[in-house]
Amino acid sequence: MTKEAELQRSKRLALSLLAAAAAVFVATSLAPRGFWVDGLRAISEAAMVGALADWFAVTALFRRVPIPFVSRHTAIIPANKPRIADNLAGFVEEKFLKPEALAAVILNTDPATGVANWLKEPANRGYLAGHLLQLLPEILATADDARIQQLLRDALNAAIGKLDLSRSLGTLLAGLTRDGRHQELLDDGMVALMGVVNQPATREMIAGQIAAWLKREHAAMELVLPTEWISENGAVMIAKALNNIMQDIAADRDHKLRQKFDGVVQRFLARLETNPAFLARGEEFKRYLRDGDTFNTYLKDLWGSVRDWIRADIASGQSRLGDGVTQASAWLSEELLRHPAMRASLNQHMAGMARTLAPAFSSFLTRHISDTVKAWDDQDMSRQIELNIGKDLQFIRVNGTLVGGMIGLALYLCAQLMEWLAR
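This structure is a prediction, so every number in the text was calculated from the model and none was measured.

Caption draft 1: Main features of the confidence of the model for the chain. Looking at the chain, pLDDT values average 82 and 83% of them are 70 or higher. Least confident of the elements in the chain is helix α12 (residues 219-224), whose mean pLDDT is 55; most confident is helix α6 (residues 111-120), at 93.

Next up, the structure:
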């Protein structure tokens, strides 16, 4: 049954009782007087008074009743629409949107556990991933590419502007050299150098350099000396000498060369953090990144590449993004269910967000409620309220008829008692 049908049925019930009371009144007015006849008449009179009074009270809420002197107090809801709108908005704000009330609801309902249990089901994870993949193309289609590119550029430029490249590089290298870690780099370098020196091509190159040196610096002696033998054995001797030196350095952690290497590294780190030339080069590099066409062109193309990749991934039918969402959802569910402290922390964070956002949200929602109600048509507003609560209000008319009749009976009996006592 529709709301309209229920309202009309309730009205017919109230009207039927009024008609019944009126019929009894007419019948008893025409009948010969007597104790029972007068009693029924008194009951019907009071019942009609109660029914009509409550009919007026209910009707006056929704529409104007043209009765002299009191008509200005009818159509209460349409006449007071602005005040009703403000009071309704205030009621919603006071009872439902207080920051502490929202935070208490979040903490009591434990949404973190609910999310974890929901994500525990594979079907729900697939449902979430599927809806995100359906939503992403719409977001990409409506996204302003120029604004996103500008946002990326502004964000990276701000990050670059705050970055002290020289000092940051010095700090990074200082961390890498802590506890002698840079000595491992020296060891690797020596191993690589020994490998190069021991290669036949390297020894041939050294021998060629020795032979060229003899021909250039000692041309006369070169004619009588075994140049080829000297150059080949000289190359071998140089390689062995370098190997011996490297082995000595590798075996001795306190070797002078290691100490000199330490000093060079420490001086370089100090220069990175304090030398004006290094600091200036860092600033120059930052300006190149911010203002250079190459970097800005890369940022411009970056968003386009990401957007095209997302679209292609979604269209492939085997989306890596979807798989990632599913896997991340499963991991989040497992972690939340495994760690109560994590769930409690998430609930606390959501409660904190509610406390922070509630005032602004409350103000927006209450203003929206008030403005929406004020914009309604007066008659349409009254009609909608009557459809929703009018059925219950009709029972006021029913009760008024019945209570009026009982009061009429009581008054009639009291009057008869007074007459009996007065005899």
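Caption draft 2: Highlighting the packing of helix α2 (residues 35-62) against helix α19 (residues 378-422). The interhelical angle for the contact between α2 and α19, taken along N-to-C directions, is 155 degrees, at an axis separation of 7 Å. Looking at the two axes, α2 sits roughly antiparallel to α19. Crossing of α2 over α19 shows right-handed handedness. For the contact of α2 with α19, a count of residues per class yields 16 nonpolar, ten polar and four charged.

Caption draft 3: Region of the structure containing the pattern of salt bridges. Considering all chains together, one arrives at 13 salt bridges under this definition. A salt bridge links K374 to D86, with the shortest nitrogen-to-oxygen separation between them at 3.1 Å. One end of the pair, K374, is in helix α18 (residues 340-375); the other, D86, is in helix α4 (residues 81-96), with 288 residues separating them in the sequence. By relative accessible area, K374 is classed as partly exposed at 36%.

Caption draft 4: Summary view of helix α1 (residues 3-30). Here α1 is 28 residues long and its end C-alpha atoms lie 41 Å apart, about the 40 Å a rise of 1.5 Å per residue gives. Listed in full, the buried residues belonging to α1 are L7, S10, A14, L18, A21 and T28. At its buried positions, α1 is contacted by α2 and α19.

Caption draft 5: Structural context of the side chain of Q394. Counting through the fold element by element, Q394 comes out in helix α19. By relative accessible area, Q394 is classed as buried at 3%. Leave out the neighbours within four places in its chain, and Q394 touches L7, S10, K11, A14 and V58.

Caption draft 6: Structural view of the environment of S362. Here S362 lies in helix α18. Taking C-alpha positions, S362 is 5.8 Å from L97, a pair spaced 265 residues apart along the chain.

Caption draft 7: Up close: the nonpolar core. Counting eleven residues, the largest nonpolar core consists of V58, F62, I77, A85, A89, V92, L97, I369, V373, M381 and L393. For this core, the secondary structure elements donating two or more residues are α2, α4, α18 and α19. Considering every element that reaches this core, the biggest residue donor is α4, with three residues. Not counting residues up to four positions away in its chain, the partners in contact with L393 are V58, L61 and F62. L18, A21, A47 and M48 belong to the second-largest nonpolar core, a separate cluster that totals five residues.

Caption draft 8: Spotlight on the packing of aromatic side chains. In the structure shown here, the tally under the stated rule is four aromatic pairs. Taking the centre distance of 6.0 Å and the plane angle of 80 degrees together, the rings of F91 and F96 count as edge-to-face. Among the residues examined, F91 registers a relative accessible area of 44% and is labelled partly exposed. Between W118 and Y127 the ring centres are 6.4 Å apart and the planes differ by 80 degrees, which places this aromatic pair in the edge-to-face class. Through a chain of ring-to-ring contacts, the aromatic side chains of F35, W36 and Y412 assemble into a single cluster.

Caption draft 9: Geometry of the side chain of R397. Summarising the element assignment, R397 is placed in helix α19. Here R397 is buried and forms no salt bridge, its nearest opposite-charge partner E386 lying at an N-O distance of 7.8 Å. Setting aside residues up to four positions removed in sequence, R397 forms contacts with K11, A14, L15, A51, D54, W55 and V58.

Caption draft 10: Region of the structure containing the packing of α4 against α18. Taken N-terminus to C-terminus, the directions of α4 and α18 make an angle of 155 degrees; their axes are 8 Å apart at the nearest point. The angle between the axes of α4 and α18 places the two elements in the roughly antiparallel class. The handedness of the crossing between α4 and α18 comes out as right-handed. Only S362, T366, I369, S370, V373 and K374 of α18 make contact with α4, whose side of the interface consists of K81, P82, A85, D86, L88, A89, V92 and E93.

Caption draft 11: Seen up close, α19. The end-to-end C-alpha distance of α19, which contains 45 residues, comes to just 57 Å, noticeably less than the 66 Å that a straight helix rising 1.5 Å per residue would cover. Where α19 bends most, the angle comes to about 65 degrees, and this point is G390. Backbone nitrogen of Q379 and a side-chain oxygen of the N-cap are separated by 3.1 Å at the start of α19; the cap is D377.

Caption draft 12: Layout of unusual backbone geometry. The phi angle at A75 is positive, at roughly 50 degrees, despite the residue not being glycine. Mapped onto the elements, A75 comes out in the loop between α2 and α3 (76-79). For A75, a relative accessible area of 14% gives the class buried. The backbone of D110 shows a phi angle near 55 degrees, a positive value even though the residue is not glycine. Inspection of the secondary structure assignment puts D110 in the loop between α5 (99-109) and α6.

So, how was this worked out
Residues numbered from 1 in each chain as written. Predicted model: local features only at pLDDT ≥ 70, side-chain atom pairs only at ≥ 80, totals over all residues. Heavy atoms only, no water. pLDDT = per-residue confidence, 0-100. Helix = DSSP H or I, 4+ residues; strand = E, 2+ residues; numbered from the N terminus. Axes fitted to C-alpha atoms, helices over the stretch in contact; angles between N-to-C directions. Parallel < 35°, antiparallel > 145°, perpendicular 65-115°, else oblique. Left-handed = near helix turned anticlockwise from the far one by under 90°. Nonpolar A, V, L, I, M, F, W, Y, C, P; charged D, E, K, R; others polar. Salt bridge = Lys/Arg side-chain N within 4 Å of Asp/Glu carboxyl O. Buried < 20%, exposed > 50% of the residue type's maximum accessible area, 1.4 Å probe, protein only. Expected span 1.5 Å × (residues − 1). Contact = heavy atoms within 4.5 Å. Core = buried A, V, L, I, M, F, W, Y, C linked by side-chain atoms within 4.5 Å. Phe/Tyr/Trp six-rings, centres within 6.5 Å; stacked < 30°, edge-to-face > 60°. Lys, Arg positive; Asp, Glu negative; His and termini not counted. Bend = angle between axes of the 7 residues up to and from the residue. Polar contact = N/O pair within 3.5 Å; in protein donor to acceptor, adjacent residues only side chain to side chain.

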